[in-house]
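This is what each chain is made of:
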Amino acid sequence: MPICSCEETINEFETLTRDAGRVQQDTLKKILELNADAEYLNHFGLNGRTDVESYKACIPLCVHSDVEPYIQRIADGDTSPLLTGKPVTSLSLSSGTTHGKPKFLPFNDELLETTLQIFQTSYAFRNREYPIGKGKALQFIYGSKQVVTEGGILATTATTNLYRRPRYKEGMKDIQSQCCSPDEVVFGPDFHQSLYCHLLCGLIYSDEVHQVFSTFAHSLVHAFQTFEEVWKDLCADIRDGVLSDKVTVPSIREAATKILKPNPELADSIQRKCMGLSNWYGVIPALWPNAKYVYGIMTGSMEPYLKKLRHYAGHLPLISADYGASEGWVGANINPTLPPEQVTYAVLPQTGYFEFIPLEKPKGEESENSASIHYIESDPVGLTEVKIGRIYEVVITTFGGLYRYRLGDIVKVAGFHNSTPELQFICRRSLVLSINIDKNTEKDLQLAVEEAGKLLEAEKLEIVDFTSYVEKSSDPGRYVIFWELSSDASEDVLRSCANCLDLAFVDAGYMGSRKIKTIGPLELRILKKGTFQEILDHFLSLGGAVSQFKTPRFVNPLNIKSQRHQGKALITGKRLKREMVHETCDSGKTSSCSTS
């Protein structure tokens, strides 16, 4: 995007956010006028009214199960105005890692436009701090399989819904550096071959790369872990100008071969730089010396990968991408210099209508270290009515046919930009670990793993990835935490880690239940190396998209059959019951452990 265009985008953002309250009223009116004939709205008696008061009085808060029957009718071919005034011609698939199976969500041209507004705004602020020229981007992006429902509606990931539309390419051409890889690599049917060629193309154009990007931090870490294993093969390809035999998909092979020429000098330079690295620290700036930053979603379930990503990025800043979901966008990162752990998102008041459910911590549960609060809810408030320092659940009304939809995200208001709030993502509200009165979220699990992981640092070990499980077949039930480690750890270290994990769950319900033995001793189970890679491979083999993959942080035994049926992979308890198990003592939380 030209400098003047960036300035225009920022000026427009400033104008809109100075009067966010009025813009919100206008946005809701526009949404309701466009969709006045929608059956969903008229079912609740809105009858064409567009004011905020009537809307809140008539339309109830909802979750996905409330709108699922309407979306299913769309998938089955019903072209009447169900959720939107115009027929829905595309559906997006959520990742399915929150509730165990993917969800259908409507996608339309209006959602595409709000996406462009978010991306253009964040780019303008990002480019002001880290200006990039007309170079290229090393992008680890991948298309996904597209399915057609019984009613003839195309269903795919929200990302692919964007990439396949000419309007998206047109809107992004001024703000998105050209991808090193051709479209045949991006949309290739084999993820591993696409990844290999992404790396190859990135090395060929190494001096022109100004940014490194993937949708999720996990994808970036996985890409460079793969690079550690295949860099010698890549050097050989570049030296001889002949693509490795491991790339067999004709479309990918043909496209990559077109840009691959013999270049012994470049191959020698890559080899020299790789050999000179210490445990691959700073590999990104070493091989891509003109890169300005590394960019992708780095909050929420991506936070556990930040340490490893910083290792690869060296001195380069990590910039967290914008805040949204398959349902719709919430905010843009207009403060790109903030580290991912502190990043905030300014809500663009013209992209949807936003409400926030105030969440209060009950007395006695005010611990700042625990996300596992059974919050007391108040009536939703508007965008400009939130208060700094308070926490809320996000409710969105979108141009795509979702009305007063509870996202299930907990956010904190960190401040205001003009009159629009800047939000800090805290966690998903859904519980992952609960046996009786205990309540632990994904964030609680992450904090516990981080605390116990500190004990591995002295041993120069890393947690490759982790997940959890509630074992209810025994009496009492217990938490089971699964780790894959970078190398073997001693019995003593793992015993200490197991106890640390147990002590790190500070939820009052958990601590009290452990003391009276209504929850049994926590187990730490160590997985064989490569387990989480197998999980990713299984996810992809069933039609999943790597651009949406998030390691499931909780294994729900009730979802195993449905997961396979729906084409999304979760880890099964049986799959993970391998090798050694480390267990805290049955007498309660003590520093000693027994091994079974």
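Note: the structure precedes this text.
The rules we used
- Residues numbered from 1 in each chain as written.
- Predicted model: local features only at pLDDT ≥ 70, side-chain atom pairs only at ≥ 80, totals over all residues.
- Heavy atoms only, no water.
- Phe/Tyr/Trp six-rings, centres within 6.5 Å; stacked < 30°, edge-to-face > 60°.
- Helix = DSSP H or I, 4+ residues; strand = E, 2+ residues; numbered from the N terminus.
- Buried < 20%, exposed > 50% of the residue type's maximum accessible area, 1.4 Å probe, protein only.
- Pairing = 2+ DSSP bridges.
- Contact = heavy atoms within 4.5 Å.
- Axes fitted to C-alpha atoms, helices over the stretch in contact; angles between N-to-C directions.
- Core = buried A, V, L, I, M, F, W, Y, C linked by side-chain atoms within 4.5 Å.
- Salt bridge = Lys/Arg side-chain N within 4 Å of Asp/Glu carboxyl O.
- Expected span 1.5 Å × (residues − 1).
- Parallel < 35°, antiparallel > 145°, perpendicular 65-115°, else oblique.
- Left-handed = near helix turned anticlockwise from the far one by under 90°.
- Nonpolar A, V, L, I, M, F, W, Y, C, P; charged D, E, K, R; others polar.
- Arc of directions from axis to C-beta.
- Disulfide = S-S within 2.5 Å.
- Polar contact = N/O pair within 3.5 Å; in protein donor to acceptor, adjacent residues only side chain to side chain.

Caption draft 1: Quick look at the packing of aromatic side chains. The tally for this structure, following the rule as stated, stands at 21 aromatic pairs. Where Tyr40 meets Tyr70, the ring centres are 5.2 Å apart and the plane angle is 80 degrees; that geometry is what we call edge-to-face. Residue Tyr40 is located in helix α3 (residues 39–43), and its partner Tyr70 is located in helix α5 (residues 64–75); the two are separated by 30 residues in the primary sequence. What makes Tyr70 buried here is its relative accessible area of 12%. Taken together, a centroid distance of 5.8 Å and an interplanar angle of 85 degrees make the contact between Phe227 and Trp280 edge-to-face.

Caption draft 2: Focus on the sheet that holds strand β7 (residues 209–216). Spatially, five strands are ordered β6-β3-β7-β8-β9 in an open sheet, and the strand pairing comes out parallel. Each end of this open sheet is capped by a strand with a single partner; those strands are β6 (178–179) and β9 (318–320). Inspection of the sheet shows β7 paired to strand β8 (residues 293–297) by four bridges, in the parallel sense. If you follow Phe216 over to β8, its bridge partner there is Ile297. Helix α10 (residues 191–204) rests against β3 (136–140) and β7 of the sheet, and its axis sits at about 160 degrees to β3.

Caption draft 3: A look at the nonpolar core. Residues Phe140, Val212, Phe224, Phe227, Ile284, Trp288 and Val294 are the most contacted members of the largest nonpolar core, which totals 65 residues. With eleven residues, the top contributor of residues to this core is helix α11 (residues 217–240). Beyond its immediate stretch of four places on either side in the chain, Val294 contacts Val212, Leu220, Ile284, Leu309, Ala313, Leu316, Pro317, Leu318 and Ile319. One finds Ala20, Leu28, Tyr403 and Val413 within the second-largest nonpolar core, a separate group that totals 48 residues.

Caption draft 4: Local environment of the pattern of salt bridges. Under the counting rule described, the total for this entry stands at 23 salt bridges. For the salt bridge of Lys246 with Asp233, the shortest nitrogen-to-oxygen distance reads 3.0 Å. Note that Lys246 is positioned in the loop between α11 and α12 (250–259) and Asp233 in helix α11, a separation of 13 residues in sequence. Residue Arg390 is joined to Glu360 by a salt bridge in which the shortest nitrogen-to-oxygen separation is 2.8 Å. Remark: Glu360 occurs in strand β13 (residues 353–360) and Arg390 occurs in the loop between β15 (381–382) and β16 (391–397); sequence separation between them is 30 residues. By relative accessible area, Glu360 is classed as partly exposed at 35%. Salt bridges linked by common partners bring Asp19, Arg22 and Asp26 together as one network.

Caption draft 5: Fine view of helix α6 (residues 109–129). When the terminal C-alpha atoms of α6 are compared, their 31 Å separation across 21 residues agrees well with the 30 Å that a helix rising 1.5 Å per residue should span. Of all 21 residues making up α6, 15 are buried, and the element is well covered by its neighbours.

Caption draft 6: Spotlight on the pairing of strand β5 (residues 154–157). Here strand β1 (residues 90–93) pairs with β5 via four bridges, running parallel. Within β5, the position partnered with Leu93 by the bridge is Thr157. As paired strands, strand β4 (residues 147–148) and β5 are joined by two bridges and run antiparallel to one another. Residue pairing across strands places Val147 opposite Ala155, the latter belonging to β5. Between the antiparallel neighbours β4 and β5 lie five residues, among them Gly152 with a positive phi of about 85 degrees.

Caption draft 7: Examining the pairing of β1 more closely. Neither face of β1 is exposed, since Ser90 and Ser92 on one face and Leu91 and Leu93 on the opposite face are all buried. In this structure, β1 lies alongside strand β2 (residues 104–107), joined through four bridges in antiparallel fashion. Opposite Ser92, over in β2, you have Leu105 as the bridge partner.

Caption draft 8: Seen up close, unusual backbone geometry. Backbone geometry places Asn279, a non-glycine residue, at a positive phi of 55 degrees. Relative to the elements of secondary structure, Asn279 occurs in the loop between α13 (264–276) and α14 (283–287). Residue Asn279 is classed as exposed on the basis of its relative accessible area, which comes to 55%.

Caption draft 9: Inspection of the sheet that holds β1 at higher detail. The sheet built from four strands is open, its strands ordered β2-β1-β5-β4 with mixed pairing. Of all the strands in the sheet, the pair left with one neighbour each is β2 and β4. The strands that α5 touches are β1 and β2; relative to β2, the one it contacts most, it runs at about 65 degrees.

Caption draft 10: A look at the environment of Met302. For Met302, the position within the fold is in the loop between β8 and α15 (306–313). Considered as a pair, Met302 and Ala217 are 85 residues apart in the sequence and their alpha carbons are 5.8 Å apart. Among residues more than four places away in sequence, those in contact with Met302 are Phe216, Ala217, His218, Ile297 and Lys550.

Caption draft 11: Geometry of the packing of α11 against α13. Relative orientation of the contacting elements α11 and α13 amounts to 160 degrees, with a least axis distance of 8 Å. Classified by the angle their axes make, α11 and α13 are roughly antiparallel. Our pair here, α11 against α13, has a crossing hand that is left-handed. Of α13, the residues touching α11 (which contributes Phe227, Trp231, Cys235, Ile238 and Arg239) are Pro264, Leu266, Ala267, Asp268, Ile270, Gln271, Cys274 and Met275. Taken together, the residues of the contact of α11 with α13 break down into ten nonpolar, one polar and two charged.

Caption draft 12: Spatial organisation of the side chain of Thr420. Here Thr420 lies in strand β18 (residues 420–428). Those residues within four positions of Thr420 in sequence are excluded, and the remaining contacts are Thr17, Ala20, Ala346, Val347, Pro349, Leu383 and Gly415.

Caption draft 13: Up close: helix α2 (residues 20–34). If you check α2, its first and last C-alpha atoms are 21 Å apart, about what 15 residues at 1.5 Å a residue would give, namely 21 Å. Within the span of α2, buried status applies to Ala20, Val23, Gln24, Thr27, Leu28, Ile31 and Leu32. Along α2, the residues classed as buried sweep out an arc of 165 degrees about the axis, all on the same side.

Caption draft 14: Region of interest: the state of the cysteines. Counted according to the given criterion, the structure contains zero disulfides. Cys497 supplies the cysteine sulfur nearest to Cys500, a cysteine that is in no disulfide, at a spacing of 7.0 Å.

Caption draft 15: Quick look at the side chain of Gln193. Position of Gln193 among the secondary structure elements: in helix α10. A polar contact is formed between the side chain of Gln193 and the backbone nitrogen of Val249, at a distance of 2.9 Å.

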